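Examining the three-dimensional arrangement
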Amino acid sequence: MKTPILAVLTGHARPFRGDEPSAIGKLPVADAVAVGAMGLAGDEQADRTVHGGIDKAIHHYPADHYDWWRAQMGDVPLLAAAGAFGENISTLGLDERTVCLGDRFRLGTALVEVSQARQPCWKLDHRFAAKGVMAKVVTSRRTGWYYRVLEPGAVRAGDALDLVDRPWSDWPLASLFGLLIGGEAKDRPADLRVLRDVPVLAESWKLRRAKLAEQYGAD
């Protein structure tokens, strides 16, 4: 399954709220971009404790969701082009219901693996100057997702995102997010147990799973 890449985006850390920096503002890159273990060349994260790293090297947000967001927020200038949600990769045709944890894609010439859905934070509300954006991401499951990089390479807009392996087809990202972040854990103890044996889950979400499993007696 090949999906055209509409945009490849990178950003630099800049003042965001007062003196607090953020690199959520991403801009499209026309040329090929090198893809390494920590993400795209030239892309920055202001706070490495919660952004970036091996398990969050590249952020993908579907352009499919933009029409829904326009219906929610109106004609917001940020939604006129890819990058509104701080994504590095923009496509049409993939979303959290059709992409699974552990999916492996050829991203240009790089090989990447889905490690987790994106867990939104307050910066989305601040970026859009609107309350409730973060909450809508959670309730709608329109989260986007992260890749870890298995093989370095290069990518540019117009390249293909090609699904090459799906070893964990029981874990679409919308379901995974609902379990670990969206408040469904209490009603899904069996899934918490099963997820324990899925090695491709991001390390921070493994800790989240363990905490929820202990809370609900699912270990």
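See the structure shown above.
Here is a short report on the structure shown in this document. Computed from a predicted structure; not experimentally measured. (Residues numbered from 1 in each chain as written. Predicted model: local features only at pLDDT ≥ 70, side-chain atom pairs only at ≥ 80, totals over all residues. Heavy atoms only, no water.)

1. Remarks on the pattern of salt bridges
Here the structure, examined in full by the defined rule, presents 14 salt bridges. Salt bridges sharing common partners tie together Asp 55, Arg 104, Glu 113 and Arg 148. (Salt bridge = Lys/Arg side-chain N within 4 Å of Asp/Glu carboxyl O.)

2. A short note on the sheet that holds strand E12 (residues 153-155)
One open sheet accounts for three strands, arranged E6-E5-E12; its pairing is antiparallel. With one partner strand each, in any of the chains shown, strand E6 (39-40) and E12 form the two edges of the open sheet. The pairing of strand E5 (residues 33-36) with E6 spans two bridges and is antiparallel. Across the sheet, the residue bridging to Val 35 is Leu 40, located in E6. (Pairing = 2+ DSSP bridges. Helix = DSSP H or I, 4+ residues; strand = E, 2+ residues; numbered from the N terminus.)

3. Overview of the pairing of strand E13 (residues 160-165)
Bridging between strand E1 (residues 2-10) and E13 involves three bridges; their strand directions are antiparallel. Of the residues in E13, the one forming a bridge with Thr 3 is Leu 161. With four bridges joining them, strand E9 (residues 104-107) and E13 adopt antiparallel strand pairing. If you follow Leu 107 over to E13, its bridge partner there is Leu 161.

4. Some thoughts on the packing of helix H1 (residues 66-73) against helix H3 (residues 133-140)
Helix-helix packing is described using two parameters, namely the angle between the two axes and the distance between the axes. Between H1 and H3, whose axes approach to 12 Å, the crossing angle comes to 130 degrees. With respect to their mutual orientation, H1 and H3 come out oblique. The two elements H1 and H3 meet at a crossing, and its hand is right-handed. From H1, Trp 68, Trp 69, Gln 72 and Met 73 reach across to H3, where they touch Val 133, Lys 136, Val 137 and Ser 140. In the contact of H1 with H3, the residues fall into five nonpolar, two polar and one charged. (Axes fitted to C-alpha atoms, helices over the stretch in contact; angles between N-to-C directions. Parallel < 35°, antiparallel > 145°, perpendicular 65-115°, else oblique. Left-handed = near helix turned anticlockwise from the far one by under 90°. Contact = heavy atoms within 4.5 Å. Nonpolar A, V, L, I, M, F, W, Y, C, P; charged D, E, K, R; others polar.)

5. A short note on helix H4 (residues 173-180)
Among the eight residues in H4, seven count as buried, and that is most of the element. Among all positions of H4, only Leu 173, Ala 174, Leu 176, Phe 177, Gly 178, Leu 179 and Leu 180 are buried. Turning to H4, the residues buried within the fold contact strand E10 (110-117), H3, strand E11 (145-151), helix H5 (189-195) and helix H6 (203-215). (Buried < 20%, exposed > 50% of the residue type's maximum accessible area, 1.4 Å probe, protein only.)

6. Digging into unusual backbone geometry
Of note, the phi angle at Ala 129 is positive, near 50 degrees, even though the residue is not glycine. Mapping Ala 129 onto the fold places it in the loop between helix H2 (123-128) and H3. Backbone geometry places Arg 141, a non-glycine residue, at a positive phi of 65 degrees. As for its placement among the helices and strands, Arg 141 is situated in the loop between H3 and E11. We classify Arg 141 as buried; its relative accessible area is 17%.

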